[in-house]
Amino acid sequence: MDIPKDQSLIEYPSQFPIKVMGEKVDGLVGALTHIAHQFDPTFDASTVELRESSGGKYLGVTLTITATSREQLDEIYRTLSTHPMVKVVL
């Protein structure tokens, strides 16, 4: 379903934070930043925010990308959601 551009709640381009939760394992952050770069060549990995769960088993990762379209956001969410290291994408 396409939402007309004049009805979008997001103005493009804009900085758009994506929160990802996965098990705290080696390679998680690298895999997520690699995906972010695929969809946003200007992605700056130094802006990544990390938050460990209280038990230390999970890691919350916030990736702030430059969103350029609804299609781009749909694709990055789909790609992140299907990654084997990822539990949740918000």
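First, a word on what this report is: a plain description of the structure on this page. (Residues numbered from 1 in each chain as written. Predicted model: local features only at pLDDT ≥ 70, side-chain atom pairs only at ≥ 80, totals over all residues. Heavy atoms only, no water.)

As for the overall build of the protein chain
Just so we agree on the cut-off: Secondary structure elements follow DSSP: runs of H or I no shorter than four residues count as helices, runs of E no shorter than two count as strands, and numbering proceeds from the N terminus. Only the C-alpha atoms count toward the radius of gyration. The rule for a globule is 2.2 Å times the residue count to the power 0.38. The buried label applies to any residue whose accessible area, calculated with a 1.4 Å probe on protein chains only, is under 20% of its type's maximum; exposed applies above 50%, and partly exposed to all values in between. Residue contacts follow a heavy-atom distance rule, with two residues in contact if any of their heavy atoms lie within 4.5 Å. Note that accessible areas follow from Shrake-Rupley with a 1.4 Å probe, and for residues the cover is restricted to the protein chains shown. None of His or the chain ends enter the tally, which takes Lys and Arg as positive and Asp and Glu as negative. Where a charge lies is defined by one atom per residue type, namely NZ (Lys), CZ (Arg), CG (Asp) and CD (Glu).
Within the protein chain, the regular secondary structure consists of 2 helices and 4 strands. For the protein chain, the sequential pattern of α-helices and β-strands runs β-α-β-β-α-β. The C-alpha radius of gyration computed for the protein chain amounts to 14 Å, which stays within 12% of the reference 12 Å derived for 90 residues, consistent with globular compactness. When the 90 residues of the protein chain are sorted by exposure, 31% land in the buried category. Of the contacts made within the protein chain by residues no fewer than 6 positions apart, 72% connect residues no fewer than 24 positions apart. Counting every atom, the protein chain has about 6000 Å² of accessible surface; 54% of that belongs to carbon and sulfur. Seen as two clouds, the 8 positive and the 12 negative side-chain charges of the protein chain have centres 8 Å apart.

Here we look at the environment of K87
Along the chain, K87 turns up in strand 4 (residues 86–89). Taking the C-alpha atoms as reference points, K87 and M21, 66 residues apart in sequence, are found 5.6 Å from one another. Look past the residues within four positions of K87 in its chain and what remains in contact with it is M21, G22, E23 and Y58.

Geometry only, nothing functional implied.
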